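Descriptive structure summary
Here are the chains, one letter per residue:
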Amino acid sequence: MRAIVIDDERLARKELINLLNQLETVEVVGEAVNVDDAKEKIEQLQPDVIFLDIQMPEKTGFDLLEELDHVPHVIFTTAYDEYALKAFQVNALDYLLKPIEPKRLEDAINKLLGKIEGGSKRDEEGAYVNQKKLTLEDQVFVKDGDRCWFVRLSNVRLFESDGNYIKVYFDNFKPMIHKSLNALDERLDEKSFFRASRKHIINLGWVEAIEPWFNGGLVVTLKGGDRIEVSRRQAARFKEMMSL
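Residues numbered from 1 in each chain as written. Predicted model: local features only at pLDDT ≥ 70, side-chain atom pairs only at ≥ 80, totals over all residues. Heavy atoms only, no water.

Remarks on helix H7 (residues 232-242)
What H7 keeps buried is the set Gln234, Ala235 and Phe238. Viewed along the axis of H7, the buried residues span an arc of 115°, placing them on a single side of the element. Set apart from the buried face of H7 by more than 90 degrees, the exposed residues are Arg233, Ala236 and Glu240. (Buried < 20%, exposed > 50% of the residue type's maximum accessible area, 1.4 Å probe, protein only. Helix = DSSP H or I, 4+ residues; strand = E, 2+ residues; numbered from the N terminus. Arc of directions from axis to C-beta.)

And the structure:
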């Protein structure tokens, strides 16, 4: 597996790299000293896993995850245990406290191998690609500015594209996340979520009413009152999915 070590402390990076170099299943392909450096290295090197420090100058490890279009597997490495809950809310695979014990590191790598073998495959270039679809039972971490939520997808009724962001509709909230609707559509279970148009993905469990619309399209009313147009191109597929 290709790995990048991200930590602003040089000694901490070197210690972890030395430990990883003793494992046959991991190849360290790069290291980064801050979030901006890490983002560039991740986009360039396409690692399978990143070992990520949390507290770094200017931006944190959590900020990095918010800025990435494609997030590799994440193993946090930190001297502070108070971030553990938040780490698992962003679907981190493991959380290692410094100084890192070789046995704990090996356990984390074995966990990662099991996850990859169970839910991922390699692409044409040999990199691991996450194949697991997000279902209604999955919970996702949503961060907008200083506010954070841990939301079960069954409670999300609508995703709406807004430029380079997506507006996430749940309860009375509509936070924005930096992600493309196409990338999100690939991750969502098509049995539960439907791409209504170029701008919208709807949760089928929230559909309350369906009406004919102009040019062969449809208008779907969701529980709570949101009205979403289904494009003519998608209308036939939608009718097929919602019929007996």
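Side note on the nonpolar core
In this structure, Ile6, Ile42, Ile50, Leu52, Leu64, Leu65 and Phe76 are the most contacted members of the largest nonpolar core, which totals 22 residues. Secondary structure elements with two or more residues in this core: strand S1 (2-6), helix H2 (35-45), strand S3 (49-52), helix H3 (61-67) and strand S4 (73-78). Broken down by element, this core gets its largest block of residues, four residues, from H2. The contacts of phenylalanine 76, once residues within four sequence positions are left out, are Leu52, Ile54, Phe62, Leu65, Ala87, Val90, Ala92, Asp94, Tyr95 and Leu96. (Core = buried A, V, L, I, M, F, W, Y, C linked by side-chain atoms within 4.5 Å. Contact = heavy atoms within 4.5 Å.)

Observations concerning the sheet that holds strand S13 (residues 193-195)
A sheet is described by the order of its strands in space; here five strands give the open sequence S12-S11-S10-S14-S13, paired in antiparallel fashion. The open sheet has two free edges, formed respectively by strand S12 (176-178) and S13, since each of these has just one partner strand. If you compare each strand with its neighbour and ignore which way they point, the axes differ by 20° on average. Its contacts with the sheet put H7 on S13 and strand S14 (200-203), and the angle it makes with S13 is roughly 160°. (Pairing = 2+ DSSP bridges. Axes fitted to C-alpha atoms, helices over the stretch in contact; angles between N-to-C directions.)

A few points about the sheet that holds S1
Pairing is parallel in the open sheet, where five strands are placed in the order S2-S1-S3-S4-S5. The open sheet has two edge strands with one neighbour each: strand S2 (27-32) and strand S5 (94-97). Along the sheet, successive strands turn relative to each other by an average axial angle of 20°, direction set aside. Judged from the four bridges that link them, S3 and S4 form a sheet pairing that is parallel.

Description of the confidence of the model for the chain
The pLDDT averaged across the chain works out to 86; a share of 91% of its residues lies at or above 70. The low-confidence segment residues 120-130 (pLDDT under 50) makes 20 contacts with residues lying over four places distant or belonging to another chain. (pLDDT = per-residue confidence, 0-100.)

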